[in-house]
Structures are given as structure tokens and as C-alpha cells.
Amino acid sequence: MRVSLMHPEQAFDWRQPLPDGTRDLAKDMALQGVIGVMAADDPFVTQVMERALLCSLQDPAVIRYRQAVLADVLAHPQVIQAMYDLVVETLEQRRHHFWGGLASSPSSKLHAAVDLIGLMGENLVHLRDVARDSRALFRSEGLCAFTLRLDQDLSDDYLNHVKNRLRDLKFKNGFHMGMRLGRGGKGAGYVLKGPEPRRVGWPRLARREPSYSFHIADRDEAGYRALGDIRNRGLHDVSATVVQAAEHIAGFFLQLKAELAFYLGCARLVNHLRDLELPLCVPDPAEVDSSVMRFDGLYDVGLALNVGRRVVSNSLDADDVSLIVVTGANQGGKSTFLRSIGLAQLFMQCGMYVPATAYQMSVATGVYSHFSRMEDAGMDRGKLDDELARMSQIVEAISPGSLLLMNESFAATNEREGAEIARGVVDALVESGVKVIFVTHLWTLAEEWYRASSPETLFLRAERFRDGQRSFKMIAGPPLETSFGADLYRQIFTQG
Amino acid sequence: MPSILFLDRETIFDEPGFFRDLNLDQVTNRVFAGMDQWKALFYTALTTPEAVMQRQRVMRDIERADVQAILQKFTTVMRDMESLRHRVETTYYPLQRHLWFLDAAYTYCQMVERLVVELADRGRLESDGMRAVLHYAMEYVASDGFRTFVRETATRREELGAIHYALHIRGNMVTVGSDQDTTDYRRDIEETFDRFRHQTVVHKAKALSDAPDMNHVEAQILDRVARLNPDPFKNLASYVEKYHERFVDPGIAQFHFEVQFFLKYWEFMQALASHGLAFCYPEIATDGADIYVYNGFDMALADKLSQAGRTPIGNDFVLRDLEQMAVVTGPNQGGKSTFARMVGQVHHIARLGLPVPGRRARLPVCDHIFTHFESGEPSPHVDGKLADDLRRIRAILDDTTSQSLVILNEIFSSTTLKDAKFLGEQILARIAAKGARAVVVTFIEEWAVFNDRTVSLVSEVLPDNPSRRTFKILRKPASGRSYAMTLAQQHGLTNEEIKERIGSASEPDASRASI
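Because the structure is a prediction, the values reported are computed rather than measured.

Conventions used here
- Throughout, residues of each chain are indexed from 1 in the direction in which the sequence is written.
- The lettering of chains begins at A and the numbering of ligands begins at 1, in the order of writing.
- Note on the predicted model: pLDDT of at least 70 is required for a residue's local features to be given, and 80 or more for side-chain atom pairs to be given and counted; whole-chain, interface and lining totals, by contrast, use all residues.
- Helix numbering and strand numbering both begin at the N terminus, where a helix is a DSSP run of H or I of at least 4 residues and a strand a DSSP run of E of at least 2.
- Burial in this document is a count-based property: other C-beta atoms within 10 Å of a residue's C-beta are tallied, and the residue is buried at 20 or more, exposed at 12 or fewer, or partly exposed in between, with C-beta positions derived from the backbone.
- Whether two residues are in contact is decided by their C-beta atoms, placed from the backbone, lying within 7 Å.
- On a scale of 0 to 100, pLDDT captures the predictor's confidence in every residue.
- Whether two strands pair depends on DSSP finding at least two bridges between them.
- Note on geometry: axes are C-alpha line fits, over the in-contact stretch for helices, and angles between N-to-C directions span 0 to 180 degrees.
- Defined on buried residues, the nonpolar core groups Ala, Val, Leu, Ile, Met, Phe, Trp, Tyr and Cys residues joined through C-beta atoms within 7 Å.
- Throughout, the ten residues Ala, Val, Leu, Ile, Met, Phe, Trp, Tyr, Cys and Pro are labelled nonpolar, Asp, Glu, Lys and Arg are labelled charged, and all others, Gly among them, are labelled polar.

A.B. asks: Could you give an account of the overall build of chain B, with specific residues and numbers?
C.D. replies: Looking only at helices and strands, chain B features 19 helices and 14 strands. Buried positions account for 37% of the 515 residues belonging to chain B. Pairs at least 24 apart in sequence give 76% of the contacts found in chain B among residues at least 6 apart.

Take a look at the structure:
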């Protein structure tokens, strides 16, 4: 019984390890603050949101599939919340009803699992009833199919059949098993043949001949232990199967919890931004190889959440551009600009709406960031070495069609050397099909690229007015030599 | 009985003197952890280029992934078989003892037959050594004695394997009977819950642990099973009687011993290779021309660093034409001793016929490797120590020939400068006269131009940050490359390498198709 609310075929894996390099990416994008709002500090939801955001979708069709479900969730929040509550309650019961861990014997595990399945079965019926009642409300493929599946797979007939099975599995009259000689003459290949029929007296085996019986002496404790051991071996497989079935049912609830949590998390952020009267749009993802890059009114959602109001936004029309070089004033909004793109791309590729008035982008095969880090990385490693090591890890993981956001990379050495490295790295990445947005002070290099005037390179700079004021907007234009550090100096040292 | 080691001298059981200085003792302990018998093979250098090249060919055969897999499996199974044989000796219940014996015999037959079939199947083996082993094993497997043994073993197993029995336990009564019922209740249960099957949840049912020994209940069950099936057990008893003496062929046992020498070294290499470190087969230098190893590294250091996920910096050691002596100077902690160890290690490993740490190498088969490493500890009895040192060096020089390698590390560094210079020059002159090759690590820069056959090497420092060390040992004059680019290169971040890295990762099939 699939959940499939986040992907038409696959279960969303909320326990997968985060891809290489995403720890840096999350840090550089200040993702934690955004996820904090989405998850309302629930650790489980945090884990789900992290995976959803950092394990990006790459198929525009699947992105749209999620967008549609999200629309349904936003339209009927109370139904989704009711399902979620039911799921949480069920999992809570299961937690109180655990079968004693790995150490307990197959027979005690079997008993516990049979009880638990009975318990969860009751909530499955409730869940099915909710689905039955709400089916007509939904428009999205994901929710329509899910509610239909619940209704069909959990018929009354089937649920009765399960009930009978659970009764048999208590083995009131013992059971009977077959096996062969294993290594060293010990029993092997234990196969449980089924419950012993309800009959008094001699076991059914003994009526077939020939057979030999023996007794364990009353005081032979070791003998009884050995016997219990054999009995457990007989029950082992069936016990494992039933425990597995219980796990599967619990797994279904858990999966449903994760996928509902994702949408509820998205909805929480959407509502939050709507309350702040900040714009959101349904992004338009294009195929990986399409080279589309267009947006309007894009803002850094993390910053907006921090200050609780509208922040500066940017627009761009850069189809077919593979390298964007951003130069200009310090404190001019360049990092914010990079973050707004990174976050929007991650949002789009998890199915979430995007903080912009319009957002049309090619799907990236991966989003990576290389931000200069001011803090010291360790005792035995220089800053440049550390930067190079991080870049090397990115190169190891990155693939054509990826998006790389570079912020003041290779500023840890002098400009001549920094430029020499950056030129080699950026050119190679772009030639390999990676889209690069590079915020840099390496003016000589930027100038060199500008003179090369490739149609695939776009130059932006942080806008600055004559009086030194900044708009925090990025405007198209050739690289500027000074980085306006003097401005900053004046601002900090002459004001106040 | 064929050998793949081609030992051309007696095995040396004592660790050679230079092992400790070169940290080869640490390498030995890593490669042959808990395998003392094999360590002697690591101590014993081959003495002729022919023997070295024969071993290299064996190693090349063994290194092939397919052959490697076959041999790894072979040694694993061989060890299993030995532990089964041990179990036969220690088991209490006779019926069980017989069954263990059959198990050991079957494991052995299977393993030998599979070894022959798989090795013969893997295309041409290139080395004389491996070909001889294969030839030997093929004849053995085809022999009448072995065929009969295999046949009887199989028959015994079939008879016993056909036995199925049923068990019912009620209260304290156990009933054993024959079993004809083929139902499996588990399948019914699986079917019932099938629709909840969920790919992301896999229940790991713990396999019940089972000691190999029997308890008395199991023994009684086995006894009843034997009563229900008398013939297979009677046949088994006479089979055990017949083959009770050793059934393992001595030639196969010898191969098992020898092949582990190669496999263990390969595993060690592989562990380092997985961190991106390269090994290579050195070309064996039989004339006086160039000697070199490119990107060589200290294996002991590499092993230590790899535990922390790091790798050492590789260095080049090159002696061209008539060049005879490399004098390494430069600041402390710049990797000079490591460099000297690396040079010593590759020379020893080369004469073991094994791949050396480095990308490309051409090395001689040294008759001796001599090392003298100053401990750096100030000695309370400087005079006594100096005398001891000189005596040791004298002994070294007596045995030194033109085919020897001498490594002197910070020699005389605890005496006065005047003494050190004087003594050092005398000793260098003697080494030069012997025609031996030498690596000399020293703070006395004059030695770097000792004679026209001396090469000067310097551990690199950064002019703007002398505390930073690159661990690069460079031939002076320096290559002129900027420091930053050298660093970028070390991280594989040159333009070409990046493109190659991204290209090769994203198109694994394209590269395969082009072959």
C-alpha cells in the first residue's frame, strides 16, 4: 500500500543520507532558519524538510505533481491535519507497544506483533473512513489516487481475513515443523507447517510411522532450555514474517507521516509569508538541458523571515547564460542575491512555492555552494588549502547541469594567485556544463572575462549611487574595479 | 611442487636492521598482522633481477581483479576448512564428528576444483609461477585418488542431504518422524499481509545464533534421525575410516601459504589506493643509468594518515646518469626524514618483487640497504655515542658495494659543527669511492655540492609564511611554479583535471564503450 504523495512511483526517503556537500550548502543558504519556520521546531519534520529540500527532484513532472498536492493541502488544511493527527496517534501507540528489542525470543516477538497489528488495524479503518469522506474534495493526482487506494485496499472482507489469521497465529494447540540435517548434524531448514489442529491426545505426527519419541527428565533444566531453543527456531521465520508485517504497517503510517509532514511544513511557510504579505509564486521548472533562467521579484526568504517584512528583490532574464559574474560594493546585497537564487532553486526542486513573483528555471542536477569562510578551519590547514579542499569535494560530486554558487572564492591568497586558480576552476566547470554564479573581488579576472565577451557570460554588479548609498539590487554592467571598502569604512567610522 | 616466490636464498627470520629506521617494521605489522610466518618473507630480499621480475609477473597475475577474487575466496575457504578440521578433533558426539569431517572434506574438494576451473577460465596467466601452480593443480584434480575422493564425498552428502524429518514437541516429549508434508505456513502469512509490503522498511530478523557444538537434546534428536535412516550413517562411518589420514595435498597447502604473501600486500596497497595513492611496478635497473621514483610516499605515514582520511604528499626521487648521491637540506619538519624513508622503502619493496609506492619507478636490486638515523635525543655521553656511531658506520662501509644504498639521516648532528663537517666529509668520500648510491639528510649545506655526482634537494618553504610546510622536496633551483598553483594541483583543481574528473564521473559508460 503505497503513500506516493511526493512522487507518483517512489516512496520519499526521509532517512536518506544528505548528498555530499549539502552540509555546506545548507549553511551557506542559511537554510536552518527557513526550515525552523516550516518545521515549527519539530525534529522529525525538520529531518523531513531537510531531506526534501536538499535531495532535489530533477523531473519537472514530479515537481508539478508535488505542486498540485500542495495546492490541495492549502485548500483543505483541516482534512490533511486530521489524517496527520490520526497517524501520529497510531505511531504513539506503537511506541508504547514495542516488542522488547532484538534480544527477545521469536515466540514473544510473535505475540507482541500479533497484538500490535490488531491495534493498528483499528486505526487503518478510521483512516480509510476519512479518505472515503474527503475523496471528492481533491484535485491533485497524488491525493486522489491515495484516497482511492485506501478505500480499495482496506475492504471489510480483507480486514476480516486478517482478524482470523491473527487468531490462528496464537498457536493455542502447538504446531508442527519439518527440517533436514544441517551442518554438524544440527537441525536446519526449519519449516513451520502450521498450527496443530484442535484435537486432544496424540500429535498428528505420531500417527504416521515410523517415529521415535523421548522425554526430557523433569529436573533437566538444560534440556528444557534446549527444547525452548528448538521451538523458537521453528517459530523464527513465521515470527519474523509477522513482525515484518507489523513493521510494514507501522512503516506505512510512518511514511504517511513523513509525506504529510512535508506538505504541512510547506503550508506553514506559505501561510506565514502570506501573513507577512510577501509574494509567492508557483515556479515553472524546465528540463535540465533547457538553459532557462528568468525570474522577477526574487527575494531572500531567510532574510525576509528574519526581519519580518518585505526585502529587496531582484529580477533577471538570463536564458542561455552559463556564467554570471557579480562584482561591486561590499554590503551591497551580493551574498543575499546568491542566497535568494539558491533557496529558490531548492524550493522549486522540492515542490514548494518560490519567494518571487515569477520564477522560471531549468532544473539543476545539483545545487552546490562555495563560500569563503572567515573562521579558521583547523590547526594544520591553511585557509587556501581548506578552500581548495572544499572545491575539490564539489568537483568530485558535481555533474553537468548543476548550479554552483561561489562567494568570494579564493580570496584567501593574493589576487594574482587567486585569479589564476579561479580562472582555471571556473572555466573548467563552465566548459563541463556547470552553471556558475560567481560573486568576486578578483577584479582583474572579471575584467579579463568581460573582454572575452562570451554571450554565455553575464556581468552583474551591486548597484551603488553617487552618494555612496546602495540599493542592494543587482544591475547588469561591466565589472567595477573598486570594491568600495572605503564606503564601508566611512559608513562605520564616520556615522554615529 | 611449484613455488610462486622464487626465493633465491634462505629465508631471513630476523628483522633487518634498517626496518626500524625506515618504519618498515610498522608496515610489516600492518601487512601481516598476526601472521608471523609471513613476516620472514617480507624480510628476505631477492638477489637477482630475474627473480624480482618473475615475482613481479606473479604479482601482476594476482593483482588482476578476476584472479584476485578467485584467490581471496580460495584463502577464505581454505581457512574455513582448517577450522572445520579442528572441529572434528574437538567434537564430543561421534555422529556429529563424522558429519564435520564430511563437511571439511567437501569444502576442500569444492575449493580445489573451483580454483582449477576458475583459474583456467580466466584467460592466460602471464607468470611462470602461476602457470606452474595451475598446471600442478590441474594434474592433481584429474588424478584417480582425488576423483575417487570427490565422488565418495558427493555420494555421502547426497544420502544425508535427502533426509528430511519432522518434529513435534508437546510438553516434555519430543517426537521425531519422517516428513512428507510440503506446506510452508509462512507463505500463507506473507500473502495475507502482502499489500503492506513497503520498500523502505526491511525488518532485520536476527538469525538465531547457533553454537557448532550440540547439546544433549540435539544429540538425542540426531540419534533418532540416524535410527530412522540407518544406511547413510553406516556409509559415512566407513568413509571417515578410509580418509581419516590427511587429505590436504601438500602442494595445495604450500600454494595457500605463498599466495597470502601477495594477497596481504595487495590488501595493504588497496587500502592506500582507495585514498588515491598510486603504486607501480618498478622497472628493474640492471645498468647504471637513471634511478627514479615519481610521487613516492612513505607507506607507514600514509597508513597512519589514512586512518584520519588524509594522504601524505608524494615526492620525486631522481638520480640521473652518473648521479650518485642526493643531499637533502632545508628547514626542519619539512618532510626530509619522510623523504629519506620513502627512498629506502621503495628500494626494499622493489627487491621483494612487489609494487612500490609511487606513480612510476625505475630501481635497482640493491644488495644491501644501510641506514643510520640520528635519534635527535641529546645523549648524556656524547663522546661514547660518537664512538658507537662511528663504529657502526665503519661496519656499514665495510659491507657497502656499488650495488648498495646508504641512507644517512642527520648524521653527527649532536656533535660540534666542526666535527660533524669533518667526519661527514670523510664518510661521504668513502661512500663515493665505493660507488654506492646514497641519500643524505643534513643541515650542512656545503654537502649539497660535495662533488659533481651530488644532487641537491631542498624541502620547500613559503617565503611569505615560513611556518607553513608543503612537505615537498624539490630539486633546486625550484621549478618556478607559484605556490598557489602547486597547491591547486595537489587538490586536482587544474583546468584539465577538473574537466577530466567531471567528465569521467558523469560518463562511466562512454569510457567503457571506447575500449
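Back to the text.
A.B. asks: For the confidence of the model for chain A, give the residues involved together with the corresponding values.
C.D. replies: All names here are of chain A. On average, residues of chain A score 86 in pLDDT, and 88% of them reach the 70 mark or higher. The low-confidence segment residues 198–202 (pLDDT under 50) makes two contacts with residues lying over four places distant or belonging to another chain. Here residues 375–381 scores under 50 on pLDDT; set against residues more than four positions off or in separate chains, the count is three contacts.

A.B. asks: If you had to explain the sheet that holds strand E13 (residues 470–476) of chain A to someone new, which residues and values would you point to?
C.D. replies: Sheets are built from strands paired through backbone hydrogen bonds, the pairs being either parallel or antiparallel. Residue and element names in this part refer to chain A. Sheet architecture is open: six strands sit in the order E9-E10-E11-E7-E12-E13, paired in mixed fashion. Strand pairing shows two members of the sheet lacking a second neighbour, strand E9 (367–371) and E13, which therefore form its edges. Strand-to-strand twist in this sheet, taken as the mean axis angle between neighbours without regard to direction, amounts to 15 degrees. Seen against the sheet, helix H11 (residues 334–348) touches strand E7 (323–328), E9, strand E10 (403–407), strand E11 (435–439), strand E12 (457–464) and E13 and runs at an angle of roughly 160 degrees to E10. Docked against the sheet, helix H14 (residues 443–452) engages E7 and E12, running at close to 135 degrees with respect to E7.

A.B. asks: Go over the environment of Glu139(B), please, and point to the residues and values.
C.D. replies: Residue and element names in this part refer to chain B. By the secondary structure assignment, glutamate 139 is in helix H7 (residues 128–142). Look at glutamate 139 and you get exposed, because 12 C-beta atoms sit within 10 Å. Note: C-alpha distance between glutamate 139 and valine 116 (23 residues apart in sequence) is 9.7 Å.

A.B. asks: Tell me about the nonpolar core, and please be specific about residues and values.
C.D. replies: Membership of the largest hydrophobic core comes to 263 residues, with the highest contact counts inside it found for Val242(A), Leu404(A), Phe438(A), Val328(B) and Val440(B). Looking at which element gives the most residues to this core, the answer is helix H9 (residues 221–275) of chain A, with 24 residues. If we ignore the near neighbours within four places in the chain, the residues touching Leu404(A) are Tyr368(A), His370(A), Ile394(A), Ile398(A), Leu429(A), Val434(A) and Val436(A).

A.B. asks: How would you summarise the interface of chain A and chain B if you had to cite specific residues and measurements?
C.D. replies: Every contact between the two is made by 81 residues of chain A and, on the other side, 73 residues of chain B. Secondary structure elements with two or more residues in the side of chain A that touches chain B: helix H8 (156–168), strand E1 (175–181), strand E2 (187–195), strand E3 (211–215), H9, helix H12 (383–397) and helix H13 (415–431) of chain A. The element best represented in the side of chain A that touches chain B is H9(A), accounting for 23 residues. Across the side of chain A that touches chain B, the residue classes break down as 38 nonpolar, 25 polar and 18 charged. Sheet topology note: the E3(A)/strand E2 (residues 173–178) of chain B ladder contains five bridges and is antiparallel. Note on E2(B): the bridge partner recorded for His215(A) is Met173(B).

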